[in-house]
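# Structural characterization, general
Here's the letter readout for the chains.
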Amino acid sequence: MISRRRLLTGFVLAWAPLGAAAAQEYKAGKVYRVGILSTGNPRSASIFQVFEQRLRELGYVEGQNLAIEFRYAEGKVDRLPGFAAELVGLDVNVIVTATDPGTRAAKGATTSIPIVMLAINYDPIALGYIASFARPGRNVTGLFFQHRELAAKRFGLFKEMLPKVRRVAILSDSLTGDQLEEVEAANRSAGLKLQPMELRNLHTTSRACSVP
């Protein structure tokens with residue numbers, strides 16, 4: 001299994017490796033600007049913390065030759081397009097996203113600035129962000145985890161572990177609809193009664209967890 005650290009290292013190396021040209025720019029005082037567009041607070045997410053740590057290890061230090069512009073929507077996805085436009089206006093070197101709404105907003109704001117999807121679990125081909133995994137073909141690239149396939153496999157394991165279960169509650173949100181579809185397809189042969197429940201806020205989450 002490829003570790004998250006190695007995946008992030010690969011992204012950083014692909015973006016701006018510290019080769020001879022980059023080293024000269026470093027000496028000349030060039031500052032790279034990274035825009036991070038997030039639905040939630042990226043500073044609290046471990047994957048972004050590892051991302052920043054690896055940048056430092058490669059010689060990119062915030063406040064010296066690196067500026068990181070954070071824009072997070074506090075869960076309000078309608079704010080993302082405006083934040084994406086702000087990052088484009090700042091002329092960042094790259095925009096990093098981790099959700100479908102964030103990627104969509106960034107893609108709508110620029111066709112030239114590279115957009116890197118970080119550890120996403122949605123299908124970028126189905127959504128039209130890239131042409132293929134081998135040749136993205138546009139200004140969007142990144143790291144993709146096949147959670148859709150895993151969702152069906154996990155459901156199968158669940159059925160094996162609890163063969164007498166007949167009714168299953170499924171918690172999902174607006175970003176995991178495709179995974180819910182995989183579970184529903186896997187259930188056609190299992191024949192269980194599924195009770196999907198969309199998590200929209202803390203009240204819904206609490207109510208969902210209290211289902212008898």
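Counting starts from 1 at the beginning of each chain's written sequence and moves along it residue by residue. Two thresholds apply to this predicted model, a pLDDT of at least 70 for residue-level local features and 80 or more for giving and counting side-chain atom pairs, whereas whole-chain, interface and lining totals are computed over all residues. Hydrogens are left out, water is left out, and the side-chain values use all remaining heavy atoms of the structure.

What follows concerns the overall build of the protein chain. Helix and strand assignments come from DSSP, with helices taken as H or I runs of at least 4 residues and strands as E runs of at least 2, each series counted from the N terminus. Helix and strand content of the protein chain: eight helices and seven strands. Partly exposed describes any residue whose relative accessible area lies between the buried limit of under 20% and the exposed limit of over 50%, with all areas from a 1.4 Å probe on protein chains only and scaled to the type maximum. Counting over 212 residues, the protein chain shows a buried share of 37%. Residues are treated as being in contact if the distance between any of their heavy atoms lies within 4.5 Å. Taking as baseline every contact in the protein chain between residues at least 6 positions apart, the subset at least 24 positions apart corresponds to 62%. The protein chains shown are the only cover counted for residues, whose accessible areas, like all others here, come from Shrake-Rupley with a 1.4 Å probe. Carbon together with sulfur atoms contributes 54% to the accessible area of the protein chain, which is approximately 12,200 Å² in total.

Our focus in this paragraph is the sheet that holds strand β3 (residues 94–97). Two strands make a pair as long as DSSP finds a minimum of two bridges between them. The five strands are arranged β2-β1-β3-β4-β5 in an open sheet whose pairing can be described as parallel. The strands lining the two open edges of the sheet, one partner per strand, are β2 (66–72) and β5 (140–144). The sheet shows a mean angle of 20° between the axes of neighbouring strands, direction not considered. Every axis in this analysis is a line fitted to C-alpha atoms, fitted for helices over the stretch in contact. Angles between the N-to-C directions lie between 0 and 180 degrees. Contacting β1 (32–38), β2 and β3, helix α4 (residues 80–89) crosses the sheet at an angle of about 180° to β1.

The next point concerns a nonpolar patch on the surface. In this analysis, a patch consists of residues with relative accessible area above 30% that form no salt bridge, clustered at 9 Å for like charges and at 5 Å for the nonpolar side chains Val, Leu, Ile, Met, Phe, Trp and Tyr. Salt-bridge detection follows one rule: a side-chain nitrogen of Lys or Arg within 4 Å of a carboxyl oxygen of Asp or Glu. On the surface, a nonpolar cluster with roughly 330 Å² of combined accessible area is contributed by L157, M161 and L162. Position of L157 relative to the elements: it lies in helix α6 (residues 147–161).

Our next topic: the packing of aromatic side chains. Ring pairs (aromatic) are described by centroid distance and by the angle formed between their planes. Note on aromatic contacts: the rings of Phe and Tyr and the six-membered ring of Trp form a pair at centre separations within 6.5 Å, being stacked when their planes are under 30 degrees apart, edge-to-face when over 60 apart, and tilted otherwise. This model, assessed by the stated rule, comprises one aromatic pair. A centroid spacing of 5.4 Å and a plane angle of 80° characterise the contact between Y32 and Y60, whose relative ring orientation is edge-to-face. In this pair, Y32 sits in strand β1 while Y60 sits in the loop between α3 (46–57) and β2, placing the two residues 28 residues apart along the sequence. The buried category is assigned to Y60, whose relative accessible area is 1%. Over the ring of Y32 we find K30; its NZ or CZ atom is 5.2 Å from the centre of that ring. Remark: a charge is flagged as sitting over a ring if the NZ atom of Lys or the CZ atom of Arg is within 6 Å of the ring centre and within 35 degrees of the ring normal.

Turning to the confidence of the model for the protein chain, a few remarks are in order. Residue-level pLDDT values for the protein chain average 76, and 74% of them are 70 or greater. Mean pLDDT across the elements of the protein chain bottoms out in helix α1 (residues 4–15) (43) and peaks in α4 (96). Predicted confidence for residues 1–22 stays below pLDDT 50, and this span has 38 contacts to residues more than four positions away or in other chains. For the stretch residues 202–212, pLDDT sits under 50, and the model shows ten contacts to residues farther than four places along the chain or on other chains. The predictor attaches a confidence to each residue, and that confidence, scored 0 to 100, is pLDDT.

With six of its seven residues buried, β1 lies for the most part within the structure. The sheet contact formed by β1 and β2 spans seven bridges and is parallel. Looking at the pairing, G35 lines up with E69 of β2. Looking at chain direction, β1 and β3 are connected through four bridges and run parallel. Bridged to I36 within β3 is V96.

The N-to-C vectors of α4 and helix α5 (residues 100–109) enclose an angle of 50°; their axes lie 8 Å apart at closest approach. As summarised for this structure, α4 and α5 are arranged oblique, according to the angle between their axes. By crossing handedness, the relation of α4 to α5 is classed as right-handed. The segment α4 lies against α5, with L80, P81, A84, A85 and V88 engaging P101, G102, A105, A106 and A109. Angular relationships are summarised with four words: roughly parallel below 35 degrees, roughly antiparallel beyond 145, roughly perpendicular across 65 to 115, and oblique for the angles in between. By definition, any crossing whose near helix is turned counterclockwise from its far helix by less than a right angle is left-handed, and any crossing with a clockwise turn is right-handed.

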